[in-house]
Amino acid sequence: MIARLIRFWLRTQWLMVIGPVVGMTVAIGANDSMEFWTDPDDESLAAVQFIWLGVAWVLGLVVHGFDQIPSFREYVLHRGVRPRGLFVGRFVAGLLVTAVIATVPILLGSWFASFGDSGVLVTAEGVLHWLAVGSSALAGYAFGAWCSTLRGPAWSVALIAMFAAGALVGLELMLVVATPRTPAPSVERYVLFQVGAALVYALVAVRGHLRQHDPDRPVPWGVQWTRAVVIAVSFAALACFATPPVQDALAGVVSQYPSIVRRADGSYELALVDRERGVLRHVTPDHRQTGDDRSREETDDIVFTPARFRSDAPTEAEAGLPPMTYVRRELRLGSAAHQLLFHPFERVWIEQPSGKVIFARRGLLSWNHDRATRIDALRMELERPDGRGFGARTTILADGGVLGLNDFQSQITSFVVGDLDDGTLWRIVHRGEPRRIEPIPLPDGDRFVSWAWWIAREGGPEAVVVIGERGRYAVDGDGALAPTDREPQPWRTRRDSRIRVTPGADPFFARVDVLTADGRVEFSHDYAPRRSAMSTVRAVAIGWGLLRPAALARVDVPGIDGSDTTRALARPALGVVLALVLAGLALWTLRRRGAELGRCVGWTLIVAAFGPVGFLTFLLLESKTAFARLPATSVVERKTPMVLEGIATTS
């Protein structure tokens with residue numbers, strides 16, 4: 001029956017597919033910008049993902065929203081069609097249409113874009129990235145179908161839909177947008193999440209579909225618990241997304257702490273910096289202002305200005321990482337393609353997992369003093385002479401000009417890359433003939449393990465230093481090496497190197513030491529909330545973190561924030577106590593209303609597991625009027641009429 005309904009729906013509604021598919025195909029195919037296919041960055045992918053998710057959400061809501069009106073229910077009952085079977089058939093057919101609308105334009109558009117001089121820049125990986133992001137339409141359609149089954153007061157339904165949509169969008173962005181510390185997952189995991197989300201919303205929608213929810217009767221627990229779990233998970237995800245930036249903003253008030261300034265005589269003191277008036281307001285060690293204001297010119301230097309005291313964010317020098325890297329990962333989905341050279345019409349990137357270097361150039365006219373030179377389109381692969389591929393940690397060791405928007409007449413014909421996976425150095429000749437990859441051996445068989453800058457002055461590199469296992473070597477843009485005994489400049493300013501910050505229990509506490517050149521402590525101050533306003537802000541920051549379930553109190557949200565403030569302010573024990581108190585309150589409320597045992601146990605477990613967001617779910621789904629008892633009817637005493645009594649006695 002379901003297959004028959006799917007065929008009928010597709011046969012009668014197939015015209016709705018033609019318009020979106022044709023329109024999107026033309027828009028995508030006509031886009032000759034090479035960044036569209038070769039460099040899909042986070043912003044463009046997130047925008048397309050959000051559009052697909054929103055359009056599919058509206059489509060699912062519209063397609064299944066009419067199922068809930070009374071006239072449709074009467075039609076279904078009179079025709080003898082099983083409502084659930086009809087819903088499943090329409091849902092599967094709509095999901096297929098959504099997949100076609102999101103997939104076919106990408107395939108056709110990439111095929112059209114592969115023709116012409118810029119076709120060499122169209123990569124299979126770029127097409128795969130767009131297809132993966134397009135799969136978010138599946139989750140959006142299922143979410144819209146589920147929203148059509150929500151019941152309750154209008155404000156409650158709107159609040160649930162808004163929070164759940166925010167959580168879904170946040171999860172989508174978490175999978176698309178990456179940070180250096182937390183890259184996004186692979187294409188396979190991304191698509192699996194979309195299909196899994198669509199399946200979950202479909203199952204919950206089927207259980208609650210076309211059920212008459214009388215506001216004077218409680219929703220059957222078999223339907224209610226599935227909704228409760230999905231909504232509580234959505235609320236918990238939204239709390240995980242919203243908590244870090246809010247706590248970071250609250251923790252940012254540590255900037256109101258006084259700065260450490262050095263007087264002209266070499267002594268140190270604490271002062272609040274009033275940047276608008278250009279004055280320093282002297283404060284005591286307990287952060288009380290003394291009224292002693294001085295102009296900025298009267299001080300020798302501001303040694304330390306408080307910001308957020310990070311608890312576990314090591315500097316790149318302490319972590320042993322290179323100070324900067326020019327390798328960028330395109331779309332952070334799937335195997336990363338490392339783009340080494342950004343150019344208006346040329347690209348050099350390392351394809352993973354093969355490790356091959358791909359060189360592609362679109363055809364165009366190059367003008368040089370009124371003379372036009374035709375540059376032919378070209379695409380070729382370059383392989384290492386040793387037959388191995390480049391690893392995932394490959395980085396450029398030449399100067400920053402290599403990655404600029406250089407014209408074709410630039411004299412930069414090669415650049416040096418270092419592979420941290422196998423410790424080798426290579427020169428890539430990407431212009432001229434022949435294009436090739438050449439090894440750059442280190443002296444005495446040394447291996448490349450890291451690199452850094454020599455800092456000649458503030459903000460300007462002097463040279464690149466290759467750090468090997470047995471020595472250090474200066475390298476220029478063409479890969480010429482020269483052994484050196486000079487120590488690389490640490491990746492921090494000289495002023496910062498004189499400060500030692502020891503973080504405390506959370507971002508509101510820290511000990512700051514001012515060091516001399518020989519490492520001796522010259523001045524120290526313990527930062528802590530010493531005023532009631534600061535203590536109140538700290539309490540609010542900790543309390544806000546209790547919105548997250550206790551099990552997720554110290555868990556970072558990958559790809560969204562990864563904030564150290566969240567971990568530092570987390571209080572899991574306090575979250576467990578709050579969750580148990582709210583679970584007891586929910587149990588007591590249900591017992592007073594006369595709910596059955598299964599409902600009481602279920603809600604107690606949900607609230608205990610999810611904490612405040614679970615209790616909010618309980619308040620939104622369980623209506624007080626649904627458990628209201630009908631007034632007891634008084635028993636009327638029946639009396640035999642006197643006429644009948646008389647007849648009975650005479651007889």
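Rules used throughout
Counting starts from 1 at the beginning of each chain's written sequence and moves along it residue by residue. Only residues with pLDDT of 70 or above have their local features reported here, since the model is predicted, and side-chain atom pairs are shown and tallied only from 80 upward, although totals for entire chains, interfaces and linings are computed over all residues. Just so you know, side-chain values use all the structure's heavy atoms and leave hydrogens and water out. The numbering of helices and of strands both runs from the N terminus, where a helix is a DSSP run of H or I of at least 4 residues and a strand a run of E of at least 2. We call a residue buried when its accessible area falls under 20% of the maximum for its residue type, exposed when it is over 50%, and partly exposed in between, using a 1.4 Å probe and counting protein chains only. In what follows, residue pairs with any heavy atoms lying within 4.5 Å of each other are defined as contacts. All accessibility values rest on the Shrake-Rupley procedure with a 1.4 Å probe; residue burial counts only the protein chains present in the view. For two strands to pair, DSSP has to find at least two bridges joining them. Axis definition: a line fitted to C-alpha atoms, limited for helices to the stretch in contact. Angles are taken between N-to-C directions and run from 0 to 180 degrees. Multiply 1.5 Å by the residue count of a helix minus one, and that product is the helix's expected span. Residues belong to a common nonpolar core when they are buried Ala, Val, Leu, Ile, Met, Phe, Trp, Tyr or Cys residues joined through side-chain atoms within 4.5 Å. Here the limits of each domain have been adopted from an automatic or database domain assignment. A pairing counts as a salt bridge when a side-chain nitrogen of Lys or Arg comes within 4 Å of a carboxyl oxygen of Asp or Glu. Patches were defined on residues exceeding 30% relative accessible area and lacking a salt bridge, with like-charge contacts within 9 Å and nonpolar side-chain contacts (Val, Leu, Ile, Met, Phe, Trp, Tyr) within 5 Å. Per-residue confidence from the prediction method is given by pLDDT, with values spanning 0 to 100. Angle categories are assigned with fixed cut-offs, so that under 35 degrees is roughly parallel, over 145 is roughly antiparallel, 65 to 115 is roughly perpendicular, and the rest are oblique. The hand of a helix crossing depends on one turn: near helix anticlockwise from the far one by less than a right angle means left-handed, and clockwise means right-handed. Three residue categories are used. Nonpolar comprises Ala, Val, Leu, Ile, Met, Phe, Trp, Tyr, Cys and Pro, charged comprises Asp, Glu, Lys and Arg, and polar comprises the others, including Gly.

Peer 1: Can you break down the overall build of the chain residue by residue, with the values?
Peer 2: The helix and strand tally for the chain stands at 19 helices and 23 strands. For the chain, with 651 residues in total, the buried portion stands at 45%. Contacts in the chain between residues far apart in sequence, at least 24 positions, make up 64% of those at least 6 positions apart. Within the structure as shown, the chain displays about 32,800 Å² of accessible surface, and the carbon and sulfur contribution to it stands at 61%.

Peer 1: Please provide a residue-by-residue account of the sheet that holds strand E16 (residues 436-439), values included.
Peer 2: In space, the four strands of this open sheet follow the order E13-E14-E15-E16, with antiparallel pairing throughout. If you trace the sheet from one side to the other, it starts and ends with strand E13 (394-396) and E16, each paired once. Averaged over all pairs of adjacent strands, the angle between strand axes in this sheet comes to 30°, irrespective of strand direction. Bridge analysis of strand E15 (residues 424-429) against E16 gives four bridges, and the strand direction is antiparallel. In the sheet register, valine 429 faces E16, and the bridge partner there is arginine 436.

Peer 1: Kindly report on helix H10 (residues 187-207), identifying the contributing residues and their values.
Peer 2: Along its 21 residues, H10 runs 31 Å from first to last C-alpha, staying within 8% of the 30 Å computed at 1.5 Å per residue. Restricting attention to buried positions, one finds in H10 the residues Val187, Tyr190, Gln194, Ala197, Ala198, Tyr201, Ala202, Val204, Ala205 and Val206.

Peer 1: Any details on the sheet that holds strand E21 (residues 499-503)? Residues and values, ideally.
Peer 2: Here we have three strands laid out as an open sheet, ordered E21-E22-E23, and antiparallel in their pairing. Two strands bound the open sheet, and with one partner strand each, they are E21 and strand E23 (521-527). The sheet shows a mean angle of 15° between the axes of neighbouring strands, direction not considered. In the sheet, E21 pairs with strand E22 (residues 510-515) via five bridges, with the strands oriented antiparallel.

Peer 1: An account of the nonpolar core is needed here, citing residue identities and associated values.
Peer 2: Grouped together as the largest cluster of nonpolar side chains are 71 residues, with contacts concentrated most on Phe143, Trp146, Trp603 and Val607. Of the residues forming this core, the biggest block, eleven residues, is contributed by helix H11 (residues 221-251). A domain-level breakdown of this core finds at least three residues from each of domain 1 (2-217) and domain 2 (218-257 + 532-651). Apart from residues lying up to four places away in sequence, tryptophan 603 is in contact with Trp221, Gln224, Ala228, Leu590, Gly614, Thr617, Phe618, Leu621 and Glu622. Counting residues in hydrophobic clusters, the runner-up holds 20 residues, among them Val253, Ile260, Leu270 and Met534.

Peer 1: Tell me about the pattern of salt bridges, residues and numbers included.
Peer 2: Applying the stated criterion to the full structure yields 16 salt bridges. Put simply, arginine 384 and aspartate 419 hold a salt bridge, and the shortest N to O gap is 3.3 Å. Taken together, the positions of arginine 384 in the loop between strand E12 (378-382) and E13 and aspartate 419 in strand E14 (residues 414-419) put the pair 35 residues apart, joining distant regions of the chain. Residue arginine 384 is classed as buried on the basis of its relative accessible area of 4%. Residue class for aspartate 419 comes out buried when judged on its relative accessible area of 1%. Between glutamate 438 and arginine 436 there is a salt bridge, with the nearest N and O atoms lying 2.5 Å from each other. A relative accessible area of 23% places glutamate 438 in the partly exposed class.

Peer 1: An account of a nonpolar patch on the surface is needed here, citing residue identities and associated values.
Peer 2: On the surface, a nonpolar cluster with roughly 430 Å² of combined accessible area is contributed by Leu108, Trp111, Phe112 and Phe115. Position of phenylalanine 115 among the secondary structure elements: in the loop between helix H6 (83-113) and helix H7 (124-134).

Peer 1: Help me get a handle on the confidence of the model for the chain, residues and values and all.
Peer 2: Reading fine detail from the predicted coordinates is not recommended where pLDDT is low. Residues with a pLDDT of 70 or more make up 69% of the chain, whose mean pLDDT is 75. The model gives residues 400-409 a pLDDT under 50, and that stretch makes 29 contacts with residues more than four places away or in other chains. pLDDT under 50 marks residues 490-496. Its contacts with residues more than four places away, or in other chains, come to 15 contacts.

Peer 1: So what's going on with the packing of H11 against helix H18 (residues 612-621)? Which residues, and what values?
Peer 2: In the contact formed by H11 and H18, the axes pass within 9 Å of each other and the chain directions differ by 135°. Our classification of the angle between H11 and H18 gives oblique. In this structure, H11 meets H18 at a crossing whose hand is right-handed. For the pair H11 and H18, the contacting residues are Gln224, Arg227, Ala228, Ile231, Ala232, Phe235, Ala236 and Ala239 in the first and Val613, Leu616, Thr617, Leu620 and Leu621 in the second. The residue makeup of the contact of H11 with H18, split by class, is ten nonpolar, two polar and one charged.

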